[in-house]
Amino acid sequence: MENYRAPVLTASLLAPPAVCALLIPFREHFDNANAALVLVVVIVAVAVFGIRLAGVLAAVSSAVWFDFFLTVPYDSFTINSSNDVEQAILLLVIGIAVTQIAIWGRRQQAKASRRRGYLDGVITTSQAVATGASADDLIEQVRAELTAVLGIDGVKFVAGSKQTAGPRLNPDGSVTRGSHVLKVERDGLPTNAEIELPVQHAGVPRGRFLLTAATRIARPDLEQRLVAVALADQVGAALTTQEPARPHV
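Because the structure is a prediction, the values reported are computed rather than measured. (Residues numbered from 1 in each chain as written. Predicted model: local features only at pLDDT ≥ 70, side-chain atom pairs only at ≥ 80, totals over all residues. Heavy atoms only, no water.)

J.: Go over the nonpolar core, please, and point to the residues and values.
T.: Formed by 33 residues in total, the largest nonpolar core has its most connected members in L146, L197, F209 and L211. Looking at this core, the elements with two or more residues in it are α4 (82-130), α5 (135-150), β1 (154-159), β5 (195-201), β6 (204-212) and α7 (222-238). Core analysis: the second largest hydrophobic core is formed by 22 residues, A35, I51, A59 and F68 among them. (Core = buried A, V, L, I, M, F, W, Y, C linked by side-chain atoms within 4.5 Å. Buried < 20%, exposed > 50% of the residue type's maximum accessible area, 1.4 Å probe, protein only. Helix = DSSP H or I, 4+ residues; strand = E, 2+ residues; numbered from the N terminus.)

If you want it as structure tokens, here you go:
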């Protein structure tokens, strides 16, 4: 987004007056309601980039220059007609509303894309298990997937059934420290301790992944945490038939 933020912000300020200026030769014969619709198109074109500030600026700029160029008295920030006042206000309101809808749409699209990525990761891991991939290769693959899905610094795998007293990512996606349930969406994953993600199959412990989120606040939602659990379970299933040949740290 940073690559195109500055140009989009510039366009949000300059495009509306440019369009209004192009309509000047037709303003005596062009209904202002139609002119307002043209400006709505300009606002939508800016809003689709998903930058709230740009959409709001485009809406404000459109309303201001609509007033200046296209309402009587021309070339003045005064409006004599109550209809023109209503149109200017509606242009502003509709522009801001369109911006919010566009941002919501982009967020939904990004969320759907992330879900596809999570599903692809789980499917790829399942296929590796089904085709008899080595435990070491599978663990390395899942370590990378966990790091990406949870947005954390790193992951290491420890074989065996030993458990720690630190924070834990549970099968239901909750994160606990002792008997206390942590509010991950609000506070993020713990940064002062490794988070244990048990690796088990049919209730039998096979090891654990230790998740590190020390350098930044990671706030994976419940869906992301459940994907992490599913990935760990795939490793647990693989470890029923073979053991890793090397440490994974």
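J.: Give a description of the pattern of salt bridges that names residues and reports values.
T.: For the structure shown, the criterion picks out seven salt bridges. The partner of E194 in a salt bridge is K156, and the shortest N-O contact between them spans 3.3 Å. Placement of E194 in the loop between α6 (184-187) and β5 and of K156 in strand β1 is noted, with a sequence separation of 38 residues between them. With a closest N to O distance of 3.3 Å, R225 and E185 form a salt bridge. In this pair, R225 sits in helix α7 while E185 sits in helix α6, placing the two residues 40 residues apart along the sequence. (Salt bridge = Lys/Arg side-chain N within 4 Å of Asp/Glu carboxyl O.)

J.: Just give me the short version of α7, but keep the residues and values in it.
T.: Between its first and last C-alpha, α7 extends 25 Å over 17 residues, near the 24 Å set by a 1.5 Å rise per residue. Within the sequence span of α7, burial applies to Q224, R225, V227, A228, V229, L231, A232, Q234, V235, G236 and A238. The opening residue of α7 is D221, an N-cap whose side-chain oxygen sits 3.2 Å from the backbone nitrogen of E223. (Expected span 1.5 Å × (residues − 1). Polar contact = N/O pair within 3.5 Å; in protein donor to acceptor, adjacent residues only side chain to side chain.)

J.: Describe the pairing of β6, and please don't skip the residues or the numbers.
T.: Each regular strand displays side chains that alternate between the two surfaces of the sheet. Examined bridge by bridge, β1 and β6 share six bridges and lie antiparallel to one another. Across the sheet, residue G154 finds its bridge partner in β6, namely T212. Sheet analysis places β5 next to β6, joined by seven bridges and oriented antiparallel. Paired with V199 across the bridge in β6 is G207. As consecutive antiparallel partners, β5 and β6 are separated by two residues, and within that stretch A202 has a phi angle of approximately 55 degrees, a positive value. (Pairing = 2+ DSSP bridges.)

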